[in-house]
Every structure is written in structure tokens, then in C-alpha cells.
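Examining the three-dimensional arrangement
Residue strings, one per chain:
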4 protein chains.
Amino acid sequence: MPGIKITTAGESHGQALVGIIEGLPSNMPLSAGDIDAELSRRQMGYGRGGRMKIESDKAEILTGIRWGKTLGSPIAIKITNKDWANWSKGMSISTEDEGSIEAVTRPRPGHADLAGAAKYGFKDIRNVLERSSARETTARVAIGAVCKRFLCEFDIFIGSFVTSIGDIQASTLPHSLGSAELLDLFKEAEKSPVRTPETEASERMALSIDKAKETGDTLGGTFVVFAVNVPVGLGSHIQWDRKLDGRLAQAVMSIQAVKGVETGMGFNAAALNGSQAMDEIFYNKPETGQFGFYRKTNNAGGIEGGMVRVCCKENHFGHRPVEPWPRLVYHL
Amino acid sequence: MPGIKITTAGESHGQALVGIIEGLPSNMPLSAGDIDAELSRRQMGYGRGGRMKIESDKAEILTGIRWGKTLGSPIAIKITNKDWANWSKGMSISTEDEGSIEAVTRPRPGHADLAGAAKYGFKDIRNVLERSSARETTARVAIGAVCKRFLCEFDIFIGSFVTSIGDIQASTLPHSLGSAELLDLFKEAEKSPVRTPETEASERMALSIDKAKETGDTLGGTFVVFAVNVPVGLGSHIQWDRKLDGRLAQAVMSIQAVKGVETGMGFNAAALNGSQAMDEIFYNKPETGQFGFYRKTNNAGGIEGGMVRVCCKENHFGHRPVEPWPRLVYHL
Amino acid sequence: MPGIKITTAGESHGQALVGIIEGLPSNMPLSAGDIDAELSRRQMGYGRGGRMKIESDKAEILTGIRWGKTLGSPIAIKITNKDWANWSKGMSISTEDEGSIEAVTRPRPGHADLAGAAKYGFKDIRNVLERSSARETTARVAIGAVCKRFLCEFDIFIGSFVTSIGDIQASTLPHSLGSAELLDLFKEAEKSPVRTPETEASERMALSIDKAKETGDTLGGTFVVFAVNVPVGLGSHIQWDRKLDGRLAQAVMSIQAVKGVETGMGFNAAALNGSQAMDEIFYNKPETGQFGFYRKTNNAGGIEGGMVRVCCKENHFGHRPVEPWPRLVYHL
Amino acid sequence: MPGIKITTAGESHGQALVGIIEGLPSNMPLSAGDIDAELSRRQMGYGRGGRMKIESDKAEILTGIRWGKTLGSPIAIKITNKDWANWSKGMSISTEDEGSIEAVTRPRPGHADLAGAAKYGFKDIRNVLERSSARETTARVAIGAVCKRFLCEFDIFIGSFVTSIGDIQASTLPHSLGSAELLDLFKEAEKSPVRTPETEASERMALSIDKAKETGDTLGGTFVVFAVNVPVGLGSHIQWDRKLDGRLAQAVMSIQAVKGVETGMGFNAAALNGSQAMDEIFYNKPETGQFGFYRKTNNAGGIEGGMVRVCCKENHFGHRPVEPWPRLVYHL
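Starting from 1, residues in each chain are numbered consecutively following that chain's sequence as written. Lettering of chains starts at A and numbering of ligands starts at 1, both following the order in which they are written. Per-residue local features of the predicted model are confined to residues with pLDDT of at least 70, and side-chain atom pairs are confined, for both listing and counting, to 80 or more; whole-chain, interface and lining totals are unaffected and use all residues. To get the side-chain values, all heavy atoms of the structure are used, and hydrogens and water are removed first.

**As for the interface of chain A and chain B**
- Taken together, the 77 residues of chain A in the interface contact 77 residues of chain B.
- A quick way to say it: buried area is the sum, across both parts, of accessible area lost when two parts are put together, with a 1.4 Å probe. A per-residue breakdown of the area chain A buries against chain B is headed by Trp-240, Gln-250 and Lys-259 of chain A, which together make up 12% of the total.
- In the sections that follow, a salt bridge refers to a side-chain nitrogen of Lys or Arg positioned within 4 Å of a carboxyl oxygen of Asp or Glu. In this assembly, chain A and chain B are joined by zero salt bridges.
- Looking at the side of chain A that touches chain B element by element, the count peaks at seven residues for helix 9 (residues 244-253) of chain A.
- Under the scheme applied here, ten amino acids are nonpolar (Ala, Val, Leu, Ile, Met, Phe, Trp, Tyr, Cys and Pro), four are charged (Asp, Glu, Lys and Arg), and all others, including Gly, are polar. Across the side of chain A that touches chain B, the residue classes break down as 32 nonpolar, 27 polar and 18 charged. In this analysis, two residues are considered to be in contact whenever any of their non-hydrogen atoms come within 4.5 Å of each other. Runs of E in the DSSP output that reach at least two residues are strands. Runs of H or I that reach at least four are helices, and both are numbered from the N terminus.

Written out as C-alpha cells, the structure is:
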């Protein structure tokens, strides 16, 4: 029963997107600005359609916050669709507006269209695509911004950057990097229109996108998400559904268009010997002043046995111990 | 509240592994033999240690079955550890046996050992490794066998085969295949000591394993899991945690040693244009006698928008409609 | 995973109350009017404070409905607090408005005030009482109205009436009544300002309330909730948390100010012999034309073994069989 | 995801009852004796049938404990049915034994028999009654014993006693008592064959049972469950399903034969004025040496707003603060 619960609602061209997060502690500072900053990052992206510009999403916090701080009660966030005026009949809740726009009858491959219409019994595919749209992630980003603010309390930071678009690959091998290097890459990526940390690759990726657009095509790609300063032991080995890597894999795979998830070296480890893929454990004796266990590699992506391990190559055991956790969960 | 719930328990060298599955319908035929067949498949595997031979696991169904049929009540399965006699003191529940075997103090990379000992506060790493061991999958396989029996009622079949071990790759591209071809590959793989469908690759993989063993090393690998005859619409696009691909990704990633999950073409799609990766939708008019929508490719792995779509390239829309589902869930 | 999920958010004097319901089937008719009718019933009540009149709640359906029908996606409902204008600073989300109204420092007995302030670490008790207020039930009533509309599809009707206020008791013994009688009592109660079905008792209850108000006091009371036409077998005996009576008890006890829950004869059965409390099972042979099992009493409140049984005294087995259920749950 | 999960399995005359509890901390002492003591208390009871004597239940801890301490992994407990030898064919899992005992075809009122057979599609009512039997509580008691051991770590104690059997009532009004008095009543009740704390009432209840048995009848009754030393703030007001009173009501109502649940004064409060039913809050200034808030009554049963409040009449605010909780939940 305890724990954080998240739910979202909303159609792509409906009145609004809504998210509710329940179970956060009280007295945590939170402002609409914290959320808008992430909504704004979501709306960037090279070569994206006109829709992204229309949007300019703003979070309206309806509940759960008073005078800049959480009440411990559920936080409901509403993001009004900016072009709602153009859709107020086509997506109206009223039977009176039925038929005011034409039905979508041509299913698109790669989308929920065909399976959704069959399952839910619709002749108008719009009744599926409005919810299956990647626009839905707006509410997830808003709630995610609240979660990022929460993780801040523990100095945990979640970052990301793009590693390939089409056949252009950045040279980075993120699983070999330490926290400081990852944070640098994130900062570099924030400046790139394609969110990749390397200038030359960034330019070539942008060109690739231009070329694909000319022919009315799109491009695939890959990205990295990382977390720094996560306490050792988050997750658990005791039951399949408490394993952190499994839970992260679900979260990532549930994003529209994602078709694969790896931790650390991922599929590249498949062709290696165990001795090459594993991250050997080293130990400094107390008298060295560099106390504890550490690793020189991070092929495992910082997770072993479904738990956060001593994460990054330079971190020592004890650097981020389990003690902070109780603070997170005292609202039993 | 309704729905199927699964829980497992048990240590690698403890008295027994236990699994409970709750929420299956009544009057479904089930025998211990159905489970033992899968436990036996689990114990095969080229180059595995002596432990696998000792095991020879047998399922003891303790509850939920009477006279060969399900009662609708929870089914509890116990698999006694065959070498329990050798561990009855070392893994005893009694304080009297404390210290009867030496503590494990050397953490292994790639395992829960270090993070688990830190999180759960143990000096003896055995207190972690006994549960984090892949031996735990025995209970998952037993419960999975019950689920496979259940899916049988709907003519759904789950199969799998190995596609690479170390740097030896089978030539198969499973996401381009239809149901019949997948089933053939599964049958071939069942004959191979390394569970791969191609004879030559199978031999080379076995040699690779031998060579790695000689140097005390292990090898990575990849495998495919497929399901045939799954009804269109299983899963849902309406909320992130109902998406079938996300749920499958969690289940697969939670298996010990798995570091990556893909659906269909997976990461290979990242380097392609959208037009190359998508599975175009075709349509036969009713008068052709070949009614309905169909695909010629299956790059998406049979899932679009978080739902099962018209799965395999030869399947037509309507071949496996939503009607069977109510039978599954009438125990609201 | 499948199944219906409900979450609510909102403070008593905040901007709005919000509810989200997820997991309903598609193509079910639903209008804001369906919800407003129940919100309006919630606002009646003899002797209630001025707040109830200010409210005049209206549901704004933000998501999940198009052209009068459900999309199968989550339905988010917002009910704006009508007096928000007066509270927009006192309950503002902005730090700028901090201190704009005085803190509540005097905890009220019978409320969350004292325990909530201690647990969540507040000096201003308003930070607790705004969420713990019975105003929160507005969102539950709105979501409940959607559920009632859903149950309509199965001809299930949920009704209620007041059986006592203070020491004035209506003479009704609801557990001895059949569906038709219960529906009549409900209709009578709808006309009474105190929602009790008996005219004389209604008048005496109103007088009691007047008298208590004069002395600044309040009165306790009891009420009955019933459901007619519920299919046999809803709920289950197979696990403690699937038992319908347990789940109903939780739902009722979670309403503000409720301190007890009974099914059927409830605590009155405690002083009786088993032979007096049980509802004997009778059986008509097929040739009578009155086929099946039936009861002459309903002391058990229509639930046996955690499931709906042949409910009302006049109902025969088979009158409401299990067949309708699959329709409810085909969105696996 | 985090939190404690409980599941049980087992038929009344099957091979065994099984319970699994997951999510307890590591390094907590636990022995089979801790569980057997509660199983033994469950088997007492005046006037109970021969079955209770046969049983003499013993817990077999299969997993989750090593050398007398919890591993943090799931704890599976098996209680073998002592008369299994007599039922090994009648309740066999094998189809070979089908028909070895006669079907039960006469449904009993007050039991799951009729609704269960209809819902689950059985001709032999035994297929329902074996699971719906109160024998199922054996596994709940075993798991409950583990929970009681856990609560011990926080000096929390759960006790109970009988307050009426048939028309014989003990004179106790438990909601007016403090912790010390409740513990005394519990101790007295442990000595009584009918588990009531008053000697004279105990004797009269026993006689009542004898008389009912003579006529082949049974008697109803009421009992009190209390907890002492529970920390202020357990539960929450923020969502209906986190309210502690609602969750307790579900747990109690899910016990076989229970038809009503109250907290504190319960239904007796319905006939009172608010001023009579509420527990006025008093306050001692720090300089008195009797610091803090307190109550002189406990009509609310120690729960306000869905949370544990300053519980008992003599307790002062701060006596049992929220600080202990983090220790419970550090296995996030």
C-alpha cells in the first residue's frame, strides 16, 4: 500500500493532459516552474513538426501544493492543450458534436491504430490514436519533473543524451564513464539541437534528419539515461518484480517507439567472455585512506542482482550508503 | 484486485523452492507432469556444472488441484532441493546450527553479493547469494509451466531458442519469420545441446563453451522468446504500465544475467529509416476470399502501441480475434 | 494489472478536486450530467452548513470521453471549488502567498488534525485538514457516478437510505427485504430532507437536528447501502483480499466519520443462535415452473463466503447468472 | 512496489496449508516456535469439534530464515494437515483418484457453497468448501505470527478477547480503557476456555455453548482486537485506500463468519451527540512535567482521520513518536 503511485490521463487533442502522483513526503519545495522547465526540454528536438511549437506547455498544479511546498497529499497536474480551441468540437465530450470531423480510417503501421481499433471496437481510429500518441508523455514528463525534484533532496540527478541517429553514432561508450564524465556529456548534449554531446556528430545527425525529411522519412536512434549518486542497494534481489533493472526496462520500453533496452554494456556483452564483461571488484585497505571496495569498469551499468551497486568506476563503497533512504519513506 | 498473482520463495541450498499462483480459472486440467517437463528442460544445457545433474527437480503440488483439475484456489508448488541433506545444517533455520559452515566473504562481480550484503546488513554473503542465485528461476519455471498449460486452452504456445553464444551467431533473423517457421526452429533447438536450431552453429557453440571452460571462463549469448496464436489486442495503450512490451521487458530483464531486451528488430531498427523499419499494412478485399488486413514483415515483433497486433506476416486480421478473452477472466 | 483503478486528489479549499478512473470499457455512454446528478444529491442534507449551498458542484470531464462515449482511456474529472476566489491566496501554490492567512493551531477531536500534523510535520493544521475534509468525497462521488453508469449496463442499481439519526430510528429492517421493497424505500428516502423513507421518522429526525444545532452540537446516525441485480458469484472465497464483504467494509469505513460497518443483520446476529441467523436454502423442483434454489430471508446481506449469493428473499438461483460478467472485462 | 505482501494457499483437507510473506527486513529473529505458539492458541476454543484436536498444527518454515534470523527474502511456511492420510485419495491431485469419495451436493447456508459452485462451475461442492473453510485461517495465523514477531521490534503488541457469546455479555467497555487495562484483560482472557476476561461471564458462556450443542445449534458472539504502543500517524488521510481504519475493517471482515466491524465505540456512537462521542483534546504545559496533548476518553478507538492518534486515554503526545518508523522500511 505505501509507496509512490502515478497515473496519467489525456488525449493528444483533447482539452488537457492530467497526471497525479501520490505518496510523496510533505514539506518538499515544488513550483510549477520546476515542471515547466522539463516540459520545455521535451518540446525541443531538431526537425520536429509544427505541433511542438504550438504547444509551449505549461503545468497547472491543481492540488497537493500550498505556499510552495508539498502537503503530502496527491499532486494533480493539468497541462492544457494549446490548440484545444481548434479541436473543441472534434474532441468534444458532448454527443452533440458527433461527426463534426471526419473519421480516421487508415491505420498506420508501428502505431496502436489497428490493434486498438480491433480491441476497443472503434470505426474511427482517432479514438485510439488520441491516447496512444507520444503526446501522452507530456503528463509523464510533468510527473517525472516532480520525481526529479524529489530525488534532488538526495543529490540524485537523472541525465540523458543521444548516442546515435540513423547511421551516425557518437563515439561515446557511456558504460565506461564515471559520474563527472556523464554529467559533462549531459551538459554538452543540452546545447546540441539533436541532444548529442559531440559537436561533429551533432552536425552530421542534423544533416541526416534534413535528408530524411526531404524524402518524407524518419530516422531511428539510441539514447542513454543515467543516474548519479544513487544509494547502494536501491532495488532488491528477493523477488522478480522488485529488481530495479526489470522495473527500469519496463519504464523505458513503455515509451512510444522504443524497441529495445539495455543496462550497461547490454547486448555487446553477449559476444564476450564473462571475464571481459564483468567489473572486477577491488579493495583498498583502511590504512591507505582510500577505504573500501571499488571498480575500475562499469560494464554492468551500475546494477547487479537487481540492485544499485557501487556505481561508477571511481566510487568507493560507502560513498553513498543506505542511511539516506529512511528519510524517503517515513510516511508509512 | 482480480487477475493472476504470482509469488516465489526459496534459497538455492535451502530446503525447498516454493511458488504460488493465484487467480487461474477452475476446472483446468493440470498435473505435476506438466510442470516436471518444464523443470527438466530447465536442467538441460551444455557445459553446466554438476549441480544441474544433482537437481533432477520434481514439482510437488501442495494446493489448488484436485483429481487433476484446478479448483480456482491458489496453487502452491514445492520443489525440494535434492542436496538438502548436505545443507541441512549450513542452511538450517535453527540458531543451533549457527556457524556450522564458513561465511562467504569474497563478493563476486556481476552478482548481488556486494550490494545485497550492504543493503541487508550481512557479514556472510551467503545470506544474499542463496536467494539471488539463478536457482530461484526453478520456482518461476514451475509457475510458468502452469501458465503455459493455461495458455494451451487458447492454443497459445510460447517457444524459444538460442541465437548466439559468444561470437558464434546463428543465421536466423527471427523477426522476419512466421508462426510455422518459428515453431520449426523451436523443434530443432529442442534437439540441440545448446538449444540453437542450426546444426553447424550448434556444434561450433559447443566447442566455444568447451574452450571457455578450459580457461575457467564463461560466455555470453542471446536468445529469442516467441508466442504464437496470441489474440490481437492483448495489452493496452491506455496507461504506461499496461503496455505489453513494457511488461515483457520487465519479465525478461528480471532474469539473472540478462542485460538487454528487444522486441522484433530491436536495436537494429535504430540505424534504419522509418520506412525500412515499419511493417506496411496491406488489405485484401472481401471478394478475394483472403479477407482482411495483413503484413509482409514483422520488424515490430508483433507488438504495436503496447498491444499484440496482427502478429506474423502471414496472419490476417480476424484470424485470432478478441472473443476468446472473456473465457479467461470470468472469475471477476 | 487489468481491472479498474481509481485515484483522487484535491484540497477542500484548493482550486479543484480531481478524480481519475482507469480501466472502463470503451463505447459506454457517459455525460457530465450523469455525474452532476450525483454531485447534486451529495450536496443535499438537512441542517448542513452554508458551504453546501456555495458549492453547487459541476463535473468537468477533461479526458477519456469523446462525443458522449468512453474511449477506454482514463477518465479525468475536475470539480472546481466555487469559492476558490476567496481562497486563491490562502491556498495558493505559490511561496509568495505564504502567510496570507493565519495558521490553524487548535486541533479538533475526531479529525486527522493532531495525528496528521505530527506525522507530516506541520505547524499549520490547515495543511492536514484541507485533504482530510469530507469535501474529498466530492471526487469519490464523481468517480462513483461513472461506476454507477457502468453498472447500469448490467441493470445493477446501488441505492441507500438513512435508518437512524441520533436516537430516532426508522422501523425498517432492511436485511429482511426484497429488491422491490428496497427500491421503494430508496424512492421514498429521496423525497425526505433527511433521506429516510418513513415520513414520521423523517420529521422527528429533522427536529432532532434542529435541537442539536441550537446547542452547537451534532448527531450520529446510520444508513443502509444496497445493490440490486448483482450477479451471483461476484467476489471470491479464494483469498482474503478478494472477499467482497471485506472490500466493501474497507470502502465504507474509509468514509469520513464512519465508525462501523455491517453486512445484513450484522452485530444483531451475535446474540442469536446459528439456526436463527442463517438463511435456510430452499429448492423448487423444475416441474413446479419455479425452478431452482431460493431463500425466504436475507440475514446475511446477500453475501456468503465473500461472494454474492442468491441475494434477495424472492430471487431464484439463476435469476442473475454469471454470464454477463465477461462483457465487463474483455479489455484484458 | 515496496511493502509487505502476503499470500496464502491450501485446502481444509488437502496436503497442507501454505503462506508466504515477503518484504520483511533482514536479521530479525524468528523461530518455528514463534509461529507454533499462535497456531496452538488458534486451536483452543470451548466446544469446538474433534477436528481441532486432530490438528495440533506445526509450522514448517521452508524459506527465508537461516540460523534463526530472517534473510530479507520471502518466508514460506507450510502447515501439513495432520489427517492428510485419511484424505490422500479424496483430495488427491491425481485424476486416478477421481470419484474416490462422494460428492457434496447439499449447499449449506452461510457458506460459500452455493455461490461458489455456481461461479466456479462445480457439481461437487467440496471443490468450494475446501478453500472457503475457516481452516484457511491457519495460514493467516502463521503469517500473522511472523508479523507479530516483527511488531515486537517496536514494542507493539496485538491482543484480543471475547466480549459476548450468544446473549451473554461481558461487562467490559474496551474503548474506555487504557493500554495497561487492555493488557490485563488479554491476560485474563488467555486463561478462560471461551477467551473472555471475566470469570462469571466465562462460565455462563460455556454453559450457553453446551446448551446450544445439545440442540445441534451454534452461537454468535463478539470480540475485541487491540494494539498497544502503535506509533502516532500510522495510516494516512491522503487517499481512501491508505486509511488505517478502512484497511483494518477489510482484514477483519474477511474472516469467515464475521458480519460486522467497529472501531472504538462504533455503532453505539450513532445514537449520541457529537459532543458525547468525541474525545476532547487536553494539553499540559511543558512546565507541568506532563508535557503534551492527551485525552481522557478513547471513543474513537485510537484512530482519527485514518491514522493512529494519541491512542489511549493516559498516553501523551510524543510518547510514541514517528521516529521509529524508518527502521521498518529501510529496504526500499
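Don't stop here, the text continues.
**Examining a nonpolar patch on the surface**
All names here are of chain A.
- For patch building, the residue pool is restricted to those with more than 30% relative accessible area and no salt bridge; the joining distance is 9 Å between like charges and 5 Å between nonpolar side chains (Val, Leu, Ile, Met, Phe, Trp, Tyr). Exposure was quantified through the Shrake-Rupley algorithm and a 1.4 Å probe, taking into account, for residues, occlusion by the shown protein chains and nothing else. Taken together, the side chains of Phe-223, Val-225 and Ile-255 define a hydrophobic patch exposed on the protein surface, amounting to about 260 Å² of accessible area.
- Inspection of the secondary structure puts Phe-223 in strand 9 (residues 221-228).
- Partly exposed residues are those whose accessible area sits between 20% and 50% of the maximum for their type, while under 20% is buried and over 50% is exposed, using a 1.4 Å probe and protein chains only. Look at Phe-223 and you get partly exposed, because its relative accessible area is 45%.

**Brief notes about the packing of helix 9 (residues 244-253) of chain C against helix 9 (residues 244-253) of chain D**
- At their nearest, the axes of helix 9 of chain C and helix 9 of chain D sit 7 Å apart, and the two run at 155 degrees to each other. Considering their axes alone, helix 9 of chain C and helix 9 of chain D lie roughly antiparallel with respect to each other. Seen from above, helix 9 of chain C lies across helix 9 of chain D with right-handed handedness. Across from Asp-245, Gly-246, Arg-247, Ala-249, Gln-250 and Met-253 of chain C in helix 9 of chain C, the residues of helix 9 of chain D making contact are Asp-245, Gly-246, Arg-247, Ala-249, Gln-250 and Met-253 of chain D.
- Classifying every residue of the contact of helix 9 of chain C with helix 9 of chain D by side-chain character gives four nonpolar, four polar and four charged. Helix axes are fitted only over the stretch in contact, all axes being lines through C-alpha atoms; the angle between N-to-C directions runs from 0 to 180 degrees. The labels follow the angle: roughly parallel below 35 degrees, roughly antiparallel above 145, roughly perpendicular from 65 to 115, and oblique for the rest. Two helices crossing with the near one rotated counterclockwise from the far one by less than a right angle form a left-handed crossing, whereas a clockwise rotation gives a right-handed crossing.

**Some thoughts on the relation of the copies chain A and chain B**
- Least-squares fitting of one copy onto the other uses the C-alpha atoms of those residues that reach a pLDDT of at least 70 in both copies. Superposing chain A onto chain B takes a rotation of 180 degrees plus a shift of 0.0 Å along the axis, which leaves an RMSD of 0.0 Å. A rotation of that kind, with that shift, is consistent with a two-fold axis.

**Some remarks on the interface of chain C and chain D**
- The interface is formed by 77 residues belonging to chain C together with 77 residues belonging to chain D.
- Carbon and sulfur atoms make up 60% of the surface buried where chain C meets chain D, a total of about 6,200 Å² over both sides.
- Area buried by chain C at its contact with chain D is led by Trp-240, Gln-250 and Lys-259 of chain C, which between them contribute 12% of it.
- Run the count over chain C and chain D and you get zero salt bridges.
- Two N or O atoms count as a polar contact when they lie within 3.5 Å, although within protein this holds only if one can serve as hydrogen donor and the other as acceptor, and sequence-adjacent residues are included solely when both atoms are side-chain atoms. For the pair chain C and chain D, the number of links is 35 residue pairs in polar contact (both at pLDDT 80 or more).

**Notes on the relation of the copies chain C and chain D**
- The two copies are related by a screw operation: chain C maps onto chain D through 180 degrees of rotation and 0.0 Å of translation along the axis, at an RMSD of 0.0 Å.
- Same-surface contact between copies: 100% of interface residues of chain C are shared with the interface of chain D.

**Regarding the sheet that holds strand 3 (residues 60-61) of chain A**
Residue and element names in this part refer to chain A.
- A pair of strands is labelled paired if DSSP reports no fewer than 2 bridges between them. Read from one edge to the other, the open sheet built from four strands follows the order 1-2-6-3, with strand pairing classed as antiparallel. Where the open sheet ends on each side, the last strands, each with one partner, are strand 1 (5-10) and strand 3.
- Pairing of strand 3 with strand 6 (residues 75-80) involves two bridges; the strand directions are antiparallel. What sits directly across from Glu-60, in strand 6, is Lys-78.
- Contacting strand 1, strand 2 (16-22) and strand 6, helix 6 (residues 137-152) crosses the sheet at an angle of about 35 degrees to strand 2.

**Let's talk about the environment of Gly-246 of chain B**
- With respect to the element layout, Gly-246 of chain B can be found in helix 9 (residues 244-253).
- Gly-246 of chain B sits in the buried class, given a relative accessible area of 0%.
- On a C-alpha basis, the gap between Gly-246 of chain B and Thr-263 of chain B in space is 9.9 Å, while along the polypeptide they are 17 residues apart.
- If sequence neighbours within four positions are ignored, Gly-246 of chain B has contacts with Gln-250, Met-253 and Ser-254 of chain A.

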